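Take a look at the letters that make up each chain.
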Amino acid sequence: MTLLEGSVGVEDLVLLEPLEQESLLKNLQLRYENREIYTYIGNVLVSVNPYQQLPIYGPDFIAKYWDYTFYELKPHIYALANVAYQSLKDRDRDQCILITGESGAGKTEASKLVMSYVAAVCGKGEQVNSVKEQLLQSNPVLEAFGNAKTIRNNNSSRFGKYMDIEFDFKGSPLGGVITNYLLEKSRVVKQLEGERNFHIFYQLLAGADAQLLKALKLEKDTISYAYLSRKVSSVDGMDDASNFKAVQSAMAVIGFSEDEIRQVLEVTALVLKLGNVELVDEFQANGISASGIRNARGIEEIGEMVGLNSEELERALCSRTMETAKEKVVTALSVIQAQYARDALAKNIYSRLFNWIVNRINESIKVGTGEKKKVMGVLDIYGFEILEDNSFEQFVINYCNEKLQQVFIEMTLREEQEEYKREGIPWTQVDYFDNGIICNLIEHNQQGILAMLDEECLRPGVVSDSTFLAKLNQLFSKHGYYESKVTQNAQHQYDHTMGLSCFRICHYAGKVTYSVNGFIDKNNDLLFRDLSQAMWNAQHPLLRSLFPEGDPKQASLKRPPTAGAQFKSSVAILMKNLYSKNPNYIRCIKPNEHQQRGQFSSELVAVQVRYLGLLENVRVRRAGYAYRQLYGPFLERYRLLSRSTWPRWNGGEREGVEKVLGELSMSSEELAFGKTKIFIRSPKTLFYLEEQRRLRLQQLATLIQKTYRGWRCRTYYQLMRKSQILISAWFRGNMQKKRYGKIKASTLLIQAFVRGWKVRKNYRKYFRSGASLTLANFIYKNIARKFLLGLKNNLPASVLDKNWPMAPYRCFTRANQELQQLFYRWKCKKFRDQLSPKQVEILREKLCASELFKGKKASYPQSVPIPFHGDYIGLQGNPKMQKLKGKEEGPVLVAETVKKVNRGNGKISSRILLLTKGHVILADAKNSQVKTVIGLDSVAGVSVTSFKDGLFTLHLSEISSVGSKGDFLLVSEHVIELLTRIYQAVLNATQRQLPITVTDEFSVRFKENDVAVKVIQSPGGGGNGKLSCKKKGSHHLEVAV
Ligand SMILES: Nc1ncnc2c1ncn2[C@@H]1O[C@H](COP(=O)(O)OP(=O)(O)OP(=O)(O)O)[C@@H](O)[C@H]1O
Ligand SMILES: [Mg+2]
């Protein structure tokens, strides 16, 4: 939006036509009625209190004013805050925001809006946010303790506040420092009709819960407290209870500990309770009036709460100790004096508590000393006041406002005009009222009102307010801005509004009549030492710390500086501070006296417009130049706008500036070249320059960006290229390695195949023959396996079973036979192994028999199964027969009845034959007489027939004794057994194999002759034991068996 488009009236009074007081007021009124409360005079903001919440604040508006420049949007306090903050950030200039106006004009609100804007736009982050919170939260705390309802303002600041917000180079808040100026402490004990004490008292009573009230020994009702106005206890639109909660939480946010908050509340309660200490006359013997305390309970409670001896407190309140170099004198105080002392104590406690709170806040928000910081100061000081009854406080307040007006005049009117002259710019002087003379009247070191007051306070002798007034009257009788009854009389003026004890000062903002009553006292600001000592003696840490002078060790007889002197010096410091910074003005205007929305009292506003010097401000502004700057810095800032000066300029600074502005083809109306500075008439031109600079900066930034991006892309490309080459080298290497590996593996595979193929090819020749062999082997093995399995399953059950399976193939025949043999042998061995020795013996005999007779003698097979019995005649049970054995040792091997063939005649007779180990004994069967004993060594041989018969011949050796008788021809039924045993007996006895001859013809020796015996087989086949002998001749015997 441009300056004029759609605006209500003019947004900048510089554009006002015609420029008169009336049109100015009309413009303000028109805008006010259209709810446009802000208007510019150049860069000064005029704000008219709307007394209503307008929808022009909050985050959306903050964002809007952050994005646009000063003249692009409607006038707004945010725009001013933005300019100040941007200038602080970008141009590195410390700023101060001077908010002036009468009480109720909206200064405090304006300061809060500025702070909230700055807080919203400055840096972010946890740390920064906490600093911001602390800074913002200091407001409700200070307002609770330092603001009160007055008739002009429900939330009137009763102290001056200057807050330095400190920022780092980025524009983020680091912390701050608050300076407070003279709290209106008289309010603690007394308020005007329709006014209230400080908010905190009401907030405490309304907001504290029962427990806290009990702890503080307070009652909820404000009526109970003498220091609280009885008529007004609440303020419209102000919720004391919830404000109390807000104050408590704000204190916590700032960093007050719970203990500190409690102590602050205790001291606050103490002030309230002190007001209820009633003092009464007390009789004293010497007739001098004295005072005492009526309600001891109240003072006891105070004592309990702050750990103080109530008697000591009472003594301090009701008496005074005068100390001289030599002695101490205690004098009793009258009731009036004691009440004065009590009120002085209450005021002192409260104002010191307030100072302590400010210091405590400063402690929390203070910035480390090492950090480089930029500062934005916000000044919200009590406004100019004209009351019915103006006292020392109003005097001081108005003095301060006078000084601020002076700053304004100095910086905007005088300094500006002087500068034009200095710089040789053609200039028609604009007249304005310079309030320097009033400031001088008040603050002059030797002859100022404050100096007079101090002098009067320090002067020995009788001093009173009237002596002070007399002094003023005398000194300023001719001063144009000082009036009193005396000076009026002298000038024959009669003004009934002027009292005798009054003087009047024609302030820049109007004439104010001050009553001198209390000036001396208030300036002295003395507290009886008894009281400060009593407070110092309290156990309450906070209260005690508020009265360091109460410490007897610290006690000094030196007077503290007076209140006036203190205030003057702190104002001087403030002024110095303000002059060092770039000022931004907010001129607050109160539209009506009734705090009513929509009401615009032209008269009231006219007064303010006049004394604020707005019209002069507009005139100077209009005739003058909105902006000036030394050539050097200006060139530095804007030389980038011209190709001749950018990037290098070797000429003079002024020429450089001319070059830059010439190239931009600025109208000469807009510019003036001073001796050292360039002046630019309208802000628009400056904004145009700034805009051009911004665009150019963007271009340059783009260039830098372009170059940088190009460089970055190139570097990146190079890097990528290098990397790509590296990667591809690696990749190729790797690929080749893999390929090589594959080729190698394939080669090996092919080689293996070829070799295999070759080998197979060679092998194939042998393959079939080999195959047949393998097959044959396999078949053979299979057949063999089958054959062996067949054998295994069909093995004969015993040795006697001769059914051995046939070999299925001829090739197995031998093996089969061998297996058969093996099998039978094995079987026999098994059989043998289980035989007992006796059975072995029997079988041995049988074996022997077999060797002797098997296949030779026909009766042999029959003998095989029959075991050799040996004793066939019952030898065992027959002792008679036993005897036949004679003395021969050992057993009888055979005992049987045999037949003896007579060799001569062939007759047969029975004989008993006993065979022993050494002999064959023949005995008569009938009488058992031994007939013959043949030693076995005599037996030369045996002949036996091949038939089944039992005939045999014992051939005896001829040399033996028995042999002489000839051989014996015997028939035995057990011929096989008998002969076998004889054979064995001979073998055993003589180690000689007895020849046993199986023959059918043999010769038997008879004495000298041999008889040839021929054995024939009878048709019956023999074997029945029957035998017939036929003698054929003398040498032949035929035996039929
Ligand atoms: N911009 C605003 N919007 C809405 N109301 C406002 C605004 N400015 C001021 N007010 C109203 O005016 C009242 C008085 O304003 P403020 O307390 O700022 O005055 P002041 O100039 O600080 O007075 P004093 O010198 O007494 O401290 C505020 O309590 C508020 O109700
Ligand atoms: Mg205020």
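Residues numbered from 1 in each chain as written. Chains lettered and ligands numbered in written order. Predicted model: local features only at pLDDT ≥ 70, side-chain atom pairs only at ≥ 80, totals over all residues. Heavy atoms only, no water.

## A look at the sheet that holds strand E15 (residues 510-515)
- If you walk across this open sheet you meet the three strands as E13-E14-E15, and the pairing is antiparallel. Each edge of the open sheet is held by one strand with a lone partner, namely strand E13 (482-484) and E15. Across this sheet, the average inter-strand angle for adjacent strands is 25°, counted without regard to direction.
- Note: E13 against strand E14 (residues 502-507), three bridges, orientation antiparallel. Following the sheet pairing, Glu483 is matched in E14 by Arg504. (Pairing = 2+ DSSP bridges. Helix = DSSP H or I, 4+ residues; strand = E, 2+ residues; numbered from the N terminus. Axes fitted to C-alpha atoms, helices over the stretch in contact; angles between N-to-C directions.)

## Notes on the sheet that holds strand E28 (residues 1001-1006)
- Across the sheet, four strands lie side by side as E28-E29-E31-E30; this open sheet has mixed pairing. In this open sheet, the two strands that pair with only one neighbour each are E28 and strand E30 (1028-1032). Each strand of the sheet is rotated relative to its neighbour by a mean of 25°, with strand direction disregarded.
- The pairing of E28 with strand E29 (residues 1009-1016) spans six bridges and is classified as antiparallel. Across the sheet, Ser1003 pairs through a bridge with Ala1012, a residue of E29.

## Considerations on the UniProt feature "binding site: ATP" (unreviewed entry) in the protein
- Mapped onto this structure's residue numbering, the UniProt feature "binding site: ATP" (unreviewed entry) falls at Gly101, Glu102, Ser103, Gly104, Ala105, Gly106, Lys107 and Thr108.
- Other than its neighbours up to four places away in sequence, Gly101 contacts Lys107, Gly383, Phe384, Asn401 and Cys588.
- On the secondary structure map, Ala105 appears in the loop between strand E3 (95-100) and helix H4 (107-121).
- Overall, the relative accessible area of 1% leaves Ala105 in the buried class. (UniProt positions renumbered as here; feature names shortened; annotations may be inferred. Contact = heavy atoms within 4.5 Å. Buried < 20%, exposed > 50% of the residue type's maximum accessible area, 1.4 Å probe, protein only.)

## Some remarks on the domain arrangement of the protein
- Along its sequence, the protein is organised into domain 1 (13-261 + 356-396 + 569-623), domain 2 (627-742), domain 3 (791-834) and domain 4 (839-999).
- Each of domain 1 and domain 4 has a C-alpha centre, and these two points are 168 Å apart. (Domains from an automatic or database assignment.)

## Considerations on a positive patch on the surface
- The grouping of Arg755, Lys758, Arg760, Lys761, Arg764 and Lys765 at the surface amounts to a positive patch.
- Within the secondary structure layout, Lys765 lies in helix H27 (residues 683-793). (Patch = residues over 30% accessible without salt bridge, like charges linked within 9 Å, V, L, I, M, F, W, Y side chains within 5 Å. Areas by Shrake-Rupley, 256 points an atom, 1.4 Å probe, with all protein chains shown as cover. Salt bridge = Lys/Arg side-chain N within 4 Å of Asp/Glu carboxyl O. Lys, Arg positive; Asp, Glu negative; His and termini not counted. Charge placed at Lys NZ, Arg CZ, Asp CG, Glu CD.)

## A short note on the packing of helix H11 (residues 296-306) against helix H12 (residues 310-318)
- Contact pair H11 / H12: the axes reach a minimum separation of 8 Å and the direction vectors enclose 115°. Crossing geometry of H11 relative to H12 is assigned as right-handed. Listed contacts from H12 to Ile299, Glu300 and Ile302 of H11 are Ser310, Leu313, Glu314 and Leu317.
- Among the residues making up the contact of H11 with H12, the classes are represented as four nonpolar, one polar and two charged. (Left-handed = near helix turned anticlockwise from the far one by under 90°. Nonpolar A, V, L, I, M, F, W, Y, C, P; charged D, E, K, R; others polar.)

## A look at the site of ligand 1
- In the region of ligand 1, 19 residues are neighbours, and Ser103, Lys107, Thr108, Ser156 and Ser157 sit closest.
- Contact distances for ligand 1 include 2.6 Å between an oxygen atom and a side-chain N or O atom of Ser103.
- One nitrogen or oxygen atom from the main chain of Ser157 is found 2.7 Å from an oxygen atom belonging to ligand 1.
- The fraction of the free accessible surface of ligand 1 (620 Å²) that becomes covered by protein chains is 89%.
- Taken together, the elements giving at least two residues each to the shell around ligand 1 come down to H4 and strand E5 (156-157).
- For the shell around ligand 1, the element with the highest residue contribution is H4, accounting for three residues. (Near = heavy atom within 4 Å. Polar contact = N/O pair within 3.5 Å; in protein donor to acceptor, adjacent residues only side chain to side chain.)

## Regarding the side chain of Gln52
- Note on placement: Gln52 falls in the loop between strand E2 (44-48) and helix H2 (59-67).
- Residues contacting Gln52, with those up to four places away along its chain left out, are Arg35 and Arg597.

## Topic: the coordination of the magnesium ion (ligand 2)
- Coordination sphere of the magnesium ion (ligand 2), protein contribution only: Thr108 (OG1) and Ser157 (OG), at 1.9 to 2.0 Å. Of this pair, Thr108 sits in helix H4 while Ser157 sits in strand E5; the two residues are 49 residues apart in sequence, bridging distant segments of the chain.
- In this structure Ser157 comes out as buried when scored by relative accessible area, which is 9%. (Donors = N, O, S within 2.8 Å, 3.2 Å for Na, K, Ca; no water.)

## Brief notes about the pairing of strand E1 (residues 38-41)
- Side chains Tyr38 and Tyr40 of E1 all project onto a buried face; the interleaved residues Thr39 and Ile41 project onto the opposite face, where all are buried too.
- Note: E1 against E2, four bridges, orientation antiparallel. Note on E2: the bridge partner recorded for Tyr38 is Ser47.
- The hairpin formed by E1 and E2 contains two residues between the paired strands, and Gly42 there has a positive phi angle of roughly 65°.

## Considering the pattern of salt bridges
- Counted under the stated rule, the structure contains 49 salt bridges.
- Residue Arg262 pairs with Glu266 through a salt bridge whose shortest N-O separation is 2.6 Å. Of this pair, Arg262 and Glu266 both sit in helix H10 (residues 258-275), four residues apart, which is roughly one turn of that helix.
- Residue classification places Arg262 among the partly exposed residues on the basis of a relative accessible area of 38%.
- A single network of salt bridges, built from pairs that share partners, joins Arg152, Arg158, Glu184, Arg187, Glu195 and Glu385.

## Some details on the environment of Val235
- Here Val235 is to be found in the loop between helix H8 (210-215) and helix H9 (240-254).
- It is 7.4 Å that separates the C-alpha atoms of Val235 and Lys149, two residues lying 86 residues apart in sequence.

## Focus on the environment of Ile361
- Along the chain, Ile361 turns up in helix H13 (residues 335-365).
- Between the C-alpha atoms of Ile361 and Gln821, which are 460 residues apart in sequence, the distance is 130 Å.
- Excluding residues within four positions of it along the chain, Ile361 makes contact with Ser138, Val141, Leu142, Ile178, Ile254 and Phe256.

## Some details on the packing of helix H14 (residues 392-423) against helix H24 (residues 614-623)
- Orientation of H14 relative to H24, taken along the N-to-C sense of each, is 35°, at an axis distance of 10 Å. Of the two possible hands of crossing, H14 and H24 adopt the one that is left-handed. Facing H14, whose interface residues are Phe408, Thr412, Leu413, Glu416 and Gln417, H24 presents Glu616, Asn617 and Val620.
- Here the residues of the contact of H14 with H24 are counted per class, giving three nonpolar, three polar and two charged.

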